[in-house]
Amino acid sequence: MDNLIKALALNDEVRVYIVKNTETVNEAIEKHNLWPSSASVLGKVLTMGQLMGSMLKGEEALTIKLQGNGEVGKVVVDGNAKGEVRGFVDHPHVNFINNNGGLNDIYAVGNDGIIDVIKDLKMKDLFTSSVRLTGNIASDFTYYFSESEQTLSLVTLGITINTENKCDVSGGLIIQLLPNASEESISYIESKYDILNNFSNLLIGHTITDILNLIFDNKYTLLEEMNVSFFCPCSKDSFSRSLLTLGSKTLTEILNEDGKIDAECHYCGEKYHFDKTEIQSLIDEAKSQGK
Ligand code: ZN
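Residues numbered from 1 in each chain as written. Predicted model: local features only at pLDDT ≥ 70, side-chain atom pairs only at ≥ 80, totals over all residues. Heavy atoms only, no water.

(A) Focus on the pattern of salt bridges. Considering all chains together, one arrives at 14 salt bridges under this definition. A salt bridge links Lys122 to Asp120; the shortest N-O distance between them is 3.1 Å. (Salt bridge = Lys/Arg side-chain N within 4 Å of Asp/Glu carboxyl O.)

Rendered as structure tokens:
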């Protein structure tokens, strides 16, 4: 089971979030038949969805959208406070290996574009903030936190996809400086840059608690540990409700022309089939609602 940890460290001057979500990424790979570059990009954004979702409360939720000029096209991830994420990329079959044999996110996601973060804080309006996408997802989110949330943060993401198209390891970390952070704490974090920048290596063979110990030398207060997962709440019922909005006239046309409806959820790839009888009952229901 994937998990996420929240802690306070360095005399409560920094807040730390760490997630290890290899299963989440493998589930996304399986559901969308992702090739390595698409998997790397979507995996990292799913990681951000879980890390940022864990900063929410109750029923609050968020959507992260990346629209860059790269091969994968648009990337969309939904996350919530329970650590559940779902998401997709426009083009699942992208694979680009750079000269060093590693995956190249900049080619996949692009070096120019926009990141939108839309938060549903269960108030009247949604909150949207946007920053430029430069292709380095972790630094773009570091910039996002300082620009949009006025929080100095360090974001690091790690993921490895093997030649069998499976994720060996995936995870991420956010360290946020609280307003009382001292120079000593800032220097301490800077002294850890080297190990943090190679986060995939850190994830191999270490639990998230091990990583917390490694970085902060046991000097932290654990706030919460939670399970996280890939979860899409779609159902045949939710698809029926959206089909109803087509109205009885259009549904009758579909019944006469195709005699069936095959719908697929963008977020999880789940397929829903509606046969003649089911379309007829949707038509009856639409009529009874005056649609
Ligand atoms: Zn779904």
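(B) Layout of the pairing of strand β7 (residues 127-133). Where strand β6 (residues 113-120) and β7 come together, seven bridges link them in antiparallel fashion. The partner of Lys119 across the bridge, within β7, is Phe127. Taking the residues between adjacent antiparallel strands as the criterion, β6 and β7 are bridged by six residues, where Lys122 takes a positive phi near 60°. (Pairing = 2+ DSSP bridges. Helix = DSSP H or I, 4+ residues; strand = E, 2+ residues; numbered from the N terminus.)

(C) Representation of the coordination of the zinc ion. Every protein donor of the zinc ion is accounted for by Cys232 (SG), Cys234 (SG), Cys265 (SG) and Cys268 (SG), and the metal-donor separations fall at 2.2 to 2.3 Å. For the zinc ion, the four donor atoms in the first shell make angles of 104 to 113° at the metal, a pattern classed as tetrahedral. (Donors = N, O, S within 2.8 Å, 3.2 Å for Na, K, Ca; no water. Tetrahedral: all angles 85-135°; square planar, octahedral: opposite > 155°, others 65-115°.)

(D) Looking closely at the layout of surface pockets. Empty space within the largest pocket amounts to approximately 610 Å³. Lining the largest pocket are 28 residues, and of these Lys44, Leu103, Asp105, Leu157 and Ile159 sit closest to its centre. Mapped onto the lining of the largest pocket, the elements with two or more residues apiece are α2 (36-53), α3 (105-109), α4 (137-148), β8 (153-161) and α7 (199-203). Considering every element that reaches the lining of the largest pocket, the biggest residue donor is β8, with six residues. Of the residues assigned to the lining of the largest pocket, the class counts are 11 nonpolar, 15 polar and two charged. Within this model, the second largest pocket holds a volume of roughly 220 Å³. Along the wall of the second largest pocket there are 14 residues; nearest its centre are Ala61, Gly79, Asn80, Glu84 and Pro233. Going through the elements one at a time, β4 (74-80) and β5 (84-89) are the ones with two or more residues in the lining of the second largest pocket. (1 Å grid on protein atoms, 1.4 Å probe; cavity = no way out; pocket = protein on both sides within 12 Å on 5 of 7 lines; lining within 4 Å. Points joined across faces, edges and corners; volume = space filled by probe spheres on them. Nonpolar A, V, L, I, M, F, W, Y, C, P; charged D, E, K, R; others polar.)

(E) Local environment of the packing of aromatic side chains. Counted under the stated rule, the structure contains six aromatic pairs. On the numbers, 3.8 Å between centres and 20° between planes, the contact of Phe96 with Tyr107 is stacked. Of this pair, Phe96 sits in the loop between β5 and α3 while Tyr107 sits in helix α3, and the two are 11 residues apart along the sequence. Here a set of aromatic residues connected by ring pairs shows up, and it is made of Phe141, Tyr144 and Phe145. (Phe/Tyr/Trp six-rings, centres within 6.5 Å; stacked < 30°, edge-to-face > 60°.)

(F) Local environment of the packing of helix α9 (residues 236-244) against helix α11 (residues 276-288). For the pair α9 and α11, interaxial distance at closest approach is 10 Å and the crossing angle is 55°. The angle between α9 and α11 places the two elements in the oblique class. Here α9 runs over α11; the crossing is right-handed. Between α9 and α11, the contacting residues are Lys236, Ser240, Leu243 and Leu244 on the first element and Glu278, Leu282, Glu285 and Ala286 on the second. When the residues that make up the contact of α9 with α11 are grouped by side-chain class, the tally is four nonpolar, one polar and three charged. (Axes fitted to C-alpha atoms, helices over the stretch in contact; angles between N-to-C directions. Parallel < 35°, antiparallel > 145°, perpendicular 65-115°, else oblique. Left-handed = near helix turned anticlockwise from the far one by under 90°. Contact = heavy atoms within 4.5 Å.)

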